[in-house]
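# Close look at the chain arrangement
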2 protein chains.
Amino acid sequence: MSKYAKPLEKLIAEISNLPGIGTKSAQRLAFHILNMEDKEVVQLVNTIVNAKRTMHKCSVCGNLTDTNPCSICSDTRRSDNIICVVEEPKDVAALEKTKEFHGKYHVLNGLISPMDGVGADDINLKSLITRIQANPQVEEIIIATNPNVEGEATAMYIARLIKPSGIKVTRIAHGIPVGGDLEYTDEITLLKAMEGRQEL
Amino acid sequence: MSKYAKPLEKLIAEISNLPGIGTKSAQRLAFHILNMEDKEVVQLVNTIVNAKRTMHKCSVCGNLTDTNPCSICSDTRRSDNIICVVEEPKDVAALEKTKEFHGKYHVLNGLISPMDGVGADDINLKSLITRIQANPQVEEIIIATNPNVEGEATAMYIARLIKPSGIKVTRIAHGIPVGGDLEYTDEITLLKAMEGRQEL
């Protein structure tokens, strides 16, 4: 005999398929859902279905959006001269929180990773090139991929691809986070912080 | 401007309402759902709706089930003479894993907690009394609520309620867990372990 009745077993299995959710958490969530009001469950399910139905990738930048082009691409107050290249939609959200960047974005939806069989054609990179060719006013491409192996490799690849066209390609700075401590910073970050030093 | 498009914002908010899921996890899960295949999302949503629709409390023991009475209550190979009282459906699942208990269960779906305004009438206790009165063959009630303040108080309350009827009321043992270490065991557990000592 299985531990729980079938519909509950299935619910737990389905929830534990989600990333970062183990069996215990899935169990807790399943019981929580069964304890929820009917109308709350309907709302949860409708929100999932609605998000899945209405959200898609922006045809211009690749960001997730419910309009096309997305609200950032169609915002005329933002400059078309600078494009910031990021890995994922949540990186756009993180950068938007700074409220200081007024250019456009380009979301790669992945990083080049030969180890995982992901090549340049598997990420949203071709459309960046098309975009640059179609917009001669583009002056600078800021590459803001994460500072890990794939992020650095992708940054190098994009830089090599775009530089011949004469457009400035920059990389966000790596260094000691604000409020961080030299003593507890790893060597590679320290090295990057030294390399990236700027005159005061 | 909000960080994400509305349907996504709503999905993140809805997911972060679930217990133990913070904003970051909710964000990760929301993106995961948007990246899932359409048919996977349909399956997830259907499983939630189906579990919510078919699962209910067993009219006999209060456990969550998709049949009525539940598969344990209707299992004729199990003894009706011993009833093990637990707080939640997942406690039934935990005890069933030992494969050594062949009696029935009674799920309180709560614990008496005057601090939270939960009295004896707010948990599934009355039906236990009715059940005992209707089944004169009941010989023993094992109280397996968790060893915390509410669990102990509820155990004492039930014991006082049932003992006058002459039925044996027992409490599961508290002590050092198997594989545990005296040195790292808290004083109260040690005390319980000493009190609960048995002759070899």
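That block above? That's the structure.
First, a word on scope: everything that follows refers to the structure included in this document. (Residues numbered from 1 in each chain as written. Chains lettered and ligands numbered in written order. Predicted model: local features only at pLDDT ≥ 70, side-chain atom pairs only at ≥ 80, totals over all residues. Heavy atoms only, no water.)

A few words now on the interface of chain A and chain B. For interface size, the figure often reported is the accessible area lost on association. Counting residues at the interface gives 49 residues for chain A, matched by 48 residues for chain B. With both chains or domains summed, chain A and chain B bury close to 4,400 Å², and 74% of this area falls on carbon and sulfur atoms. A per-residue breakdown of the area chain A buries against chain B is headed by Glu14(A), Ile48(A) and Lys52(A), which together make up 15% of the total. The shortest N-O distance in the salt bridge between Lys52(B) and Asp38(A) comes to 3.9 Å. Applying the counting rule to chain A against chain B returns eight residue pairs in polar contact (both at pLDDT 80 or more). (Contact = heavy atoms within 4.5 Å. Buried area = accessible area lost by both parts, 1.4 Å probe. Salt bridge = Lys/Arg side-chain N within 4 Å of Asp/Glu carboxyl O. Polar contact = N/O pair within 3.5 Å; in protein donor to acceptor, adjacent residues only side chain to side chain.)

A few words now on the pairing of strand β3 (residues 82–86) of chain A. Residue and element names in this part refer to chain A. Most of β3 is tucked away, with four of its five residues classed as buried. Sheet topology note: the β3/strand β5 (residues 140–143) ladder contains four bridges and is parallel. By the bridge assignment for β5, Ile83 is matched with Ile141. Here β3 runs beside strand β4 (residues 104–107); their pairing, made up of four bridges, is parallel. Within the sheet, the bridge partner assigned to Val86 lies in β4 and is Val107. Taken together, β3, helix α4 (residues 89–96) and β4 form a β-α-β motif whose crossover is right-handed. (Buried < 20%, exposed > 50% of the residue type's maximum accessible area, 1.4 Å probe, protein only. Helix = DSSP H or I, 4+ residues; strand = E, 2+ residues; numbered from the N terminus. Pairing = 2+ DSSP bridges. Right-handed = clockwise from strand over helix to strand, strands pointing away.)

A separate point is the packing of helix α1 (residues 6–16) of chain B against helix α2 (residues 23–35) of chain B. Residue and element names in this part refer to chain B. Interhelical geometry of α1 versus α2 gives an angle of 125° and a closest axis separation of 8 Å. Our classification of the angle between α1 and α2 gives oblique. For the crossing formed where α1 meets α2, the hand is right-handed. Listed contacts from α2 to Leu8, Leu11, Ile12, Ile15 and Ser16 of α1 are Thr23, Ala26, Gln27, Leu29, Ala30, Phe31, Ile33 and Leu34. A class-by-class count of the residues in the contact of α1 with α2 yields 10 nonpolar, three polar and no charged. (Axes fitted to C-alpha atoms, helices over the stretch in contact; angles between N-to-C directions. Parallel < 35°, antiparallel > 145°, perpendicular 65-115°, else oblique. Left-handed = near helix turned anticlockwise from the far one by under 90°. Nonpolar A, V, L, I, M, F, W, Y, C, P; charged D, E, K, R; others polar.)

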